[in-house]
Amino acid sequence: MSYVERVLQELKAKNPGEPEFYQAATEILGSLKPVIERHPEYEQAALLERFVEPERVVMFRVPWVDDGGHVHVNKGYRVQFNSAIGPYKGGLRFHPSVNLSIIKFLGLEQILKNSLTGLPIGGGKGGSDFDPKGKSDNEIMKFCQSFMTELFRHIGQDTDVPAGDIGVGGREIGFLFGQYKRLKNEHVGVLTGRGLSYGGSLVRKEATGYGLVYMAEEALKCRGDSLKGKTVVVSGSGNVAIYAVEKAQALGAKVVAMYDSNGYIYDKKGIDVAVVKQIKEVERGRIREYAERVKSAEYHEGCRGIWTIPCDIALPCATQNEIDEESAKKLVANGVKYVGEGANMPTTLEGIAVFQRAGVVFLPAKAANAGGVATSALEMAQSSGRMFWTFEEVDKKLKDIMVNIYHNMDDAAKAYGMAGDYVAGANIAGFLKVADAMMAQGIV
Ligand code: NDP
């Protein structure tokens, strides 16, 4: 049995009931086999065993009182996975599906994603099984304050710098930051995604969606093509999805569909992103309301149907495992040429295999959605330097980073004889830097 297979088998046995974590580890370690073969010293140093074991896992109780005076208790998590190349960095997710397996898969992915940005940030992730849907602003604040009342002792601007993710946007980051500052009496860059009036960076809100489209644009350009006139399907209608739609349309593509967890909209004329922003960002409503306001749009209950819409480019931007084997086959049959993952692990292992067999250009999440964390690192740099860059400056740095990541993963795939396999390219390019740092720092 190979070293990689042994580590995966041990991981499965030691972490029962963590299928998402095992899925992410299988994808990553599977494509690292050629690297491991070239570096026998990694096995002697138990490098992979250490790589898949978080440095620290914090789990805690989050009690809070709702507007009716009822007491609730949620689970809180922070997985500080790997600090070899910099302080832990990764978002907080508030969603009822959150559990240790989900946070560990996200944390493991985050290590390589952060490495790919070329910036000095380690990997971490956290969150809670709290459901923000239907809660008042006051209840959200109470929950965030309780969550931070435990989390504050584990994080810090040079230790661990959380950000947003599903269910955690500008409002939640504001409440979390306010409580951290109160507890520590320090106004520091301990969270990113902050508002512009208290240390945030321009472009952070747009960064993940814009970055995804910048990478897709580069992949098209390298094949003598462009986004102009392309039909695009984007899943989700949250932060990543909205800004992916905005940038794709600005560069000449037509985005025809989006969804939330209830159903999808199809607008053959092209989605009016201003209407989506009004519904989702201002009113916190449902995507169904788009079809009530825009005549050219239809609404369909359920999400899966979105992948039956013919398109040139699919950008899954909602959540893990949105595209399974069957949906991938539908997309391929309908002529999809590019898939860019805005969400984390939105395609199942079987789905990825379908795309790769069909020659679809597949841009994996850890590379394609790295624009968010990269801009968070730019926010950290601005905070510690007490400076503030313009929108154009940050946007330019973001675009350069995305183009660089694309070429780094392309080069890594070629160097290991797997040209065009960006799953392997991204894993290898991200891993080599982390492995080098871990080897240099001894058995820790
Ligand atoms: P948001 O909370 O802003 O939006 C999430 C969107 O996905 C909503 O439209 C939500 O619908 C939908 N969604 C969530 N769960 C499901 C589900 N089970 N089925 C169908 N739709 C679902 O989150 P973000 O946009 O920030 O994050 C989206 C993805 O991008 C996540 O995978 C996240 O990890 C990843 N990501 C985010 C980054 C960021 O900067 N924000 C950075 C890198 C990756 P509903 O409202 O109905 O729940």
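Source: prediction; values computed, not measured. (Residues numbered from 1 in each chain as written. Predicted model: local features only at pLDDT ≥ 70, side-chain atom pairs only at ≥ 80, totals over all residues. Heavy atoms only, no water.)

**Student:** Explanation requested: the packing of aromatic side chains in the structure shown.
**Tutor:** Each aromatic ring pair is specified by the distance between its two centres and by the angle formed by the two planes. Within the structure shown, the criterion is met by 17 aromatic pairs. For the ring pair W64 and F130, a centre distance of 5.3 Å and an interplane angle of 90° mean the geometry is edge-to-face. With W64 in strand β1 (residues 56–65) and F130 in the loop between β4 (122–128) and α6 (137–151), this residue pair connects regions lying 66 residues apart in the sequence. When the centroid spacing of 6.3 Å and the interplanar angle of 70° are considered together, the rings of Y210 and Y214 count as edge-to-face. Placement of the pair is Y210 and Y214 together in helix α8 (residues 204–221), with a separation of 4 residues, close to one helical turn. Like Y210, the residue Y214 is buried in the burial classification. An aromatic cluster of at least three residues, connected via ring pairs, comprises F60, W64, F94, F130, F143 and F147. (Phe/Tyr/Trp six-rings, centres within 6.5 Å; stacked < 30°, edge-to-face > 60°. Helix = DSSP H or I, 4+ residues; strand = E, 2+ residues; numbered from the N terminus. Buried < 20%, exposed > 50% of the residue type's maximum accessible area, 1.4 Å probe, protein only.)

**Student:** Teacher, can you tell me more about the site of the ligand here?
**Tutor:** Looking at the ligand, there are 25 residues lining it, with D165, T208, S261, R286 and N344 nearest. The side chain of K133 places a nitrogen or oxygen atom 2.9 Å from an oxygen atom of the ligand. Within the side chain of D165, one N or O atom sits 2.6 Å away from an oxygen atom of the ligand. Out of a free accessible area of 890 Å², the ligand has 84% covered by protein chains. Of all the secondary structure elements, the ones that give two or more residues to the shell around the ligand are α8 and α9 (239–250). Looking at the shell around the ligand residue by residue, the classes come out as 7 nonpolar, 12 polar and 6 charged. (Near = heavy atom within 4 Å. Polar contact = N/O pair within 3.5 Å; in protein donor to acceptor, adjacent residues only side chain to side chain. Areas by Shrake-Rupley, 256 points an atom, 1.4 Å probe, with all protein chains shown as cover. Nonpolar A, V, L, I, M, F, W, Y, C, P; charged D, E, K, R; others polar.)

**Student:** Honestly, the domain arrangement of the protein chain in this entry has me stumped. Any pointers?
**Tutor:** How big an interface is tends to be expressed through the accessible area that disappears when the partners come together. Per the domain assignment, the segments making up the protein chain are domain 1 (3–187) and domain 2 (207–363). Facing the 15 residues of domain 1 at the interface are 13 residues of domain 2. In total, about 1100 Å² of surface goes out of reach between domain 1 and domain 2, with carbon and sulfur atoms giving 50% of it. The tally of links from domain 1 across to domain 2 stands at 0 salt bridges. Inspection of the region where domain 1 meets domain 2 yields 3 residue pairs in polar contact (both at pLDDT 80 or more). Breaking the side of domain 1 that touches domain 2 down by element, the ones donating at least two residues are α2 (19–38) and α5 (100–116). Residue classes in the side of domain 1 that touches domain 2 are distributed as 5 nonpolar, 2 polar and 8 charged. (Domains from an automatic or database assignment. Contact = heavy atoms within 4.5 Å. Buried area = accessible area lost by both parts, 1.4 Å probe. Salt bridge = Lys/Arg side-chain N within 4 Å of Asp/Glu carboxyl O.)

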